[in-house]
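Architecture and fold: a report
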Amino acid sequence: MKIVVAVKVVPDDQDIQVAANRELDYSKAHQIISTYDLNAIEAAAQLAAAHGATVTAVAVGSAAIDDSKLKKNILSRGVDDLVMVADDSCANLDAHATAAALAAKINEIDDVALVLCGDGSADNYAQQVDVQLACALGWPVVNAATNIEATDSTATVKRTLEDEVETVEVSLPAVISVTPDIAIPRIPGMKDILAAGKKPMNMAAAPEVPAETIEVIECLAPEAADRLGNVAEASAEGAIDNFVAALKAAL
Amino acid sequence: MKAFVLAEHTDAARGLCAAARTVADDVTLVAIGDVAVPESCADEVAKIALPEGNAVENAAETVCALADEEAPEVVFAEPTRRLKIVAGRLAAHLGASVITDVTALNDGVAESMYFGGLANRKMKAVGKAVYTMTCANYAEAPASGANAVKEVAWVEPANAVKVVSREPIVKSGIDLTKADVVVSAGRGFAEEEQLDIARALCDKLGAGLGCTRPLTEGVDWLPRETYIGVSGLTISPKVYIAAGVSGQMQHMVGCNTAGTIFAINTDKNAPIFKQCDYGIVGDLKTVLPAITEAL
Ligand SMILES: Cc1cc2nc3c(=O)[nH]c(=O)nc-3n(C[C@H](O)[C@H](O)[C@H](O)COP(=O)(O)OP(=O)(O)OC[C@H]3O[C@@H](n4cnc5c(N)ncnc54)[C@H](O)[C@@H]3O)c2cc1C
Ligand SMILES: Cc1cc2nc3c(=O)[nH]c(=O)nc-3n(C[C@H](O)[C@H](O)[C@H](O)COP(=O)(O)OP(=O)(O)OC[C@H]3O[C@@H](n4cnc5c(N)ncnc54)[C@H](O)[C@@H]3O)c2cc1C
């Protein structure tokens, strides 16, 4: 049995600068694993360990995601091998196209029982790639999973919705997206990172991707609100009193 | 133009029908299962009865068949987890992508947040448009229509999701959107008991206690409905007091329209200090009790 985990690589938002024209400048940003995909990787690794399965991570993105530190990071988290498409034809894909590209690669892998996705990507958080991927593969999909129990042919999934917790059953293969609650990501040790360098990293050819379904007109940082920025050390004379006076005045 | 509205809750159904009415002259509310349909909100109410044991999402094929028949140009869906799947399946069927969590819609240009509010993105659907959005902007807008009922024939799903059981989530009943003063706790609180010093400050101020997302996830220190930010609450209290909160954009977009923002953090370089009106660099364990005492 094989578990695939879909991992999105994104620029680290801590290093994204806002340029004078309010456009985002990614030039200083490292490529990292989208935050909540760390939890999906951990969930995949734990499920695989429980079922004697193996884990393949699949990532699709621009040429910039072909970063050796990042690839080792993915492979140091209980993942057996990585399939990566790093091609500028796959930069900034919308959900429909991302799913088509992921499906093309997943269809080349044998014996896949389960594809796990994260709760939503750090950039868009659209929570749509899981659904579109299931459509492209012709498989069932469940989102918001907080617990997964799998047999050879079915998965029983606990999903935490807005107003209720629903337990559902689907036949495998299936696509399941998980919430961060499902598993706390491990912190890889030196040994894991060294071992990761020796694991298979398959740089795959870019599949044909469908045309854009969304046209982006602009993407600008909001005008910063004017705040006073009156900051004092707690130990400074009168700091607490001034703070409290301002607080009382604002009430 | 024809619009479809997908909603799980009555308020959202009414609000999204009003939103749909601003762009479409023909509005169909697609009511899956036992949604209570608001009065006179749409031209047509397409009722899809859910056969026993079926998850709401299993209606996606039926919705797609209805779309083939009625050819909507635009779809508005309430952003619930279930309807994100129905809307996503419908978008896939239409060869579209859902534009999610739309905050404003003008002349077919939809705005939504990017990287947790780091930027606002303006987008246009190339073909058919499928949006998810809350009805917050349309609370006052009128919905109208004869609500002509159409019973839609069930299409058996190819990949059924079977419901085994359902359990309601017991909510705290806390509504921070109504609070004038909110104290917000972040990961600077090292253990659950420490929240008591934030509660003491809340008591003194008559404030509500909110938090950052990590305090509701993995650890269950506070209820999920009290976290503030891009994936949680958006609030505009008169006063917002952030303690042990670093000030990441994903959090700040939920509170940056507050009247006055106060911050307490040990790290003088924490981003919150660039986004607050008054800040104290110090340990919340001593600073919060000192503030409570001095009030
Ligand atoms: C600078 C920039 C500009 C962009 N411009 C556009 C644009 O013009 N139009 C547009 O539609 N989109 C654009 N995007 C892309 C967009 O932000 C999303 O990547 C896309 O819409 C997919 O949805 P999502 O990221 O919200 O994924 P979600 O649906 O939130 O992701 C859910 C899960 O799917 C999986 N997943 C998602 N993407 C991948 C992937 N690539 N590889 C592997 N697994 C994945 C992960 O498990 C993830 O947790 C841009 C992105 C960037 C960085
Ligand atoms: C897609 C996505 C969506 C997200 N949505 C949300 C959201 O809606 N809401 C949200 O809140 N987050 C959200 N997040 C998470 C967000 O990015 C941040 O990780 C989170 O807001 C950080 O929480 P924090 O400030 O409590 O913790 P940290 O960033 O860890 O900050 C803790 C702060 O406490 C300070 N501190 C430590 N000890 C003390 C002390 N004794 N006294 C005073 N200060 C102290 C530290 O200096 C630090 O600045 C999202 C993330 C992603 C990827």
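Residues numbered from 1 in each chain as written. Chains lettered and ligands numbered in written order. Predicted model: local features only at pLDDT ≥ 70, side-chain atom pairs only at ≥ 80, totals over all residues. Heavy atoms only, no water.

**Examining the overall build of chain A**
Looking only at helices and strands, chain A has 6 helices and 15 strands in total. Taken along its principal axes, the extent of the C-alpha atoms in chain A is 65 × 40 × 40 Å. Expressed as a percentage of its 251 residues, the buried residues of chain A come to 53%. Put simply, 72% of the contacts in chain A that link residues at least 6 apart link residues at least 24 apart. (Helix = DSSP H or I, 4+ residues; strand = E, 2+ residues; numbered from the N terminus. Buried < 20%, exposed > 50% of the residue type's maximum accessible area, 1.4 Å probe, protein only. Contact = heavy atoms within 4.5 Å.)

**A short note on the site of ligand 1**
Around ligand 1 sit 29 residues in total, of which A:A6, A:K8, A:D37, A:S121 and B:Y114 are the nearest. Looking at what sits near ligand 1, you find residues from chains A and B. At 2.5 Å from an oxygen atom of ligand 1 is found a side-chain nitrogen or oxygen belonging to A:S121. Within the complex, 91% of the 950 Å² of free accessible area of ligand 1 lies under protein. Residue assignment for the shell around ligand 1 shows that the elements contributing at least two residues are β6 (54-61), α3 (95-106) and β14 (214-220) of chain A. When its residues are assigned to classes, the shell around ligand 1 shows 16 nonpolar, 8 polar and 5 charged. (Near = heavy atom within 4 Å. Polar contact = N/O pair within 3.5 Å; in protein donor to acceptor, adjacent residues only side chain to side chain. Areas by Shrake-Rupley, 256 points an atom, 1.4 Å probe, with all protein chains shown as cover. Nonpolar A, V, L, I, M, F, W, Y, C, P; charged D, E, K, R; others polar.)

**What to know about the side chain of A:Q127**
Within the element layout of this structure, A:Q127 appears in the loop between β8 (112-117) and α4 (129-137). Given a relative accessible area of 11%, A:Q127 falls into the buried group. Polar contacts involving the side chain of A:Q127 include one to the main-chain carbonyl oxygen of A:D119, which spans 3.0 Å. With sequence-adjacent residues up to four places away left out, A:Q127 is seen in contact with A:D119, A:G120, B:R81 and B:K84.

**Topic: a negative patch on the surface**
On the surface, A:D181, B:E191, B:E192, B:E193 and B:D220 cluster together into a negatively charged patch. Here B:E191 shows up in the loop between β12 (181-185) and α4 (195-205). Judged by its relative accessible area of 42%, B:E191 falls in the partly exposed class. (Patch = residues over 30% accessible without salt bridge, like charges linked within 9 Å, V, L, I, M, F, W, Y side chains within 5 Å. Salt bridge = Lys/Arg side-chain N within 4 Å of Asp/Glu carboxyl O. Lys, Arg positive; Asp, Glu negative; His and termini not counted. Charge placed at Lys NZ, Arg CZ, Asp CG, Glu CD.)

**Focus on the nonpolar core**
In this structure, A:V5, A:L116, A:I148 and A:I176 are the most contacted members of the largest nonpolar core, which totals 43 residues. Ranked by residues supplied to this core, first place goes to helix α1 (residues 37-51) of chain A with 7 residues. The residues contacting A:I176, other than those within four sequence positions of it, are A:L114, A:V115, A:L116, A:C117, A:V142, A:A145, A:I148, A:A155 and A:V157. Of all hydrophobic cores here, the second largest spans 33 residues; its members include B:V181, B:L209, B:A243 and B:L288. (Core = buried A, V, L, I, M, F, W, Y, C linked by side-chain atoms within 4.5 Å.)

**With respect to the interface of chain B and chain A**
When the parts come together, some accessible area is lost, and that loss is often what is quoted as the size of the interface. Counting residues at the interface gives 83 residues for chain B, matched by 72 residues for chain A. With both sides pooled, the region where chain B packs onto chain A buries about 7,000 Å², and carbon together with sulfur makes up 56% of that total. At the boundary of chain B and chain A, one finds 11 salt bridges. Close ionic contact of A:E169 with B:K162 constitutes a salt bridge, the shortest N to O distance being 4.0 Å. When residues in the side of chain B that touches chain A are grouped by element, the largest group, 8 residues, is from helix α3 (residues 81-94) of chain B. (Buried area = accessible area lost by both parts, 1.4 Å probe.)

**Details of the packing of α4(B) against helix α6 (residues 284-294) of chain B**
When two helices pack together, their arrangement is given by the angle between the helix axes and by the axis-to-axis distance. All names here are of chain B. Relative to each other, α4 and α6 sit at 20°, their axes nearing to 9 Å. It follows from the interaxial angle that α4 and α6 lie roughly parallel. The way α4 lies across α6 gives a crossing that is left-handed. Contacts between α4 and α6 pair I197, A198, A200, L201 and K204 from the former with L284, K285, L288, P289, I291, T292 and E293 from the latter. (Axes fitted to C-alpha atoms, helices over the stretch in contact; angles between N-to-C directions. Parallel < 35°, antiparallel > 145°, perpendicular 65-115°, else oblique. Left-handed = near helix turned anticlockwise from the far one by under 90°.)

**Structural notes on empty space enclosed by the protein**
Over the atoms, a rolled probe matching the size of one water molecule traces out where space is still vacant. Applying the stated criterion across every chain yields a total of 1 cavity of 30 Å³ or more. Volume-wise, the largest cavity comes out at about 60 Å³. Of the residues contributing to the lining of the largest cavity, the split by class is 4 nonpolar, 2 polar and 3 charged. (1 Å grid on protein atoms, 1.4 Å probe; cavity = no way out; pocket = protein on both sides within 12 Å on 5 of 7 lines; lining within 4 Å. Points joined across faces, edges and corners; volume = space filled by probe spheres on them.)

**Quick word on the sheet that holds strand β5 (residues 98-99) of chain B**
Residue and element names in this part refer to chain B. Pairing is parallel in the open sheet, where 7 strands are placed in the order β5-β9-β4-β1-β2-β3-β10. Whereas interior strands pair on both sides, the edge strands pair on one side only; in this sheet they are β5 and β10 (148-151). Note: strand β1 (residues 2-6) against strand β2 (residues 26-32), 5 bridges, orientation parallel. What sits directly across from L6, in β2, is V30. Packed onto the sheet, α3 meets β1, β2, β4 (74-77), β5 and β9 (129-132) and runs at close to 170° relative to β9. (Pairing = 2+ DSSP bridges.)

**A short note on the pairing of β4(B)**
Residues and elements named next belong to chain B. Because side chains alternate across β4, one face comprises the buried residues V74 and F76, and the other comprises V75 and A77, equally buried. Pairing analysis gives 4 bridges linking β1 to β4, with the strands arranged parallel. The residue of β4 that forms the bridge with L6 is A77. Of the pairings in the sheet, the one linking β4 to β9 comprises 4 bridges and is parallel in character. Pairing of F76 across the sheet is with Y131, part of β9.

**Observations regarding the site of ligand 2**
Around ligand 2 there are 29 residues in total, and B:R187, B:T212, B:S231, B:S246 and B:N265 lie nearest to it. Nearby residues place ligand 2 at the junction of chains A and B. At 2.7 Å, a backbone N or O of B:R187 approaches an oxygen atom of ligand 2. Between an oxygen atom of ligand 2 and a main-chain N or O atom of B:G244, the distance comes to 3.1 Å.

**A few points about unusual backbone geometry**
The step from A:L172 to A:P173 runs through a cis peptide bond, and the omega angle for that step is 0°. Locating A:P173 in the fold gives a position in the loop between β11 (164-171) and β12 (174-178). One non-glycine residue, A:Q127, adopts positive backbone phi at about 55°. Of note, B:S40 is a non-glycine position whose phi angle comes to about 30°, a positive value. As for its placement among the helices and strands, B:S40 is situated in the loop between β2 and β3 (44-48).

**Details of the domain arrangement of chain B**
Residues and elements named next belong to chain B. Domain parsing of chain B yields domain 1 (2-151) and domain 2 (181-294). Between the C-alpha centres of domain 1 and domain 2 there is a distance of 35 Å. Of the residues lining the interface, 4 residues belong to domain 1; the matching set on domain 2 comes to 4 residues. Between the two partners, domain 1 and domain 2, sit 0 salt bridges. Put simply, domain 1 and domain 2 have 0 residue pairs in polar contact (both at pLDDT 80 or more) between them. (Domains from an automatic or database assignment.)

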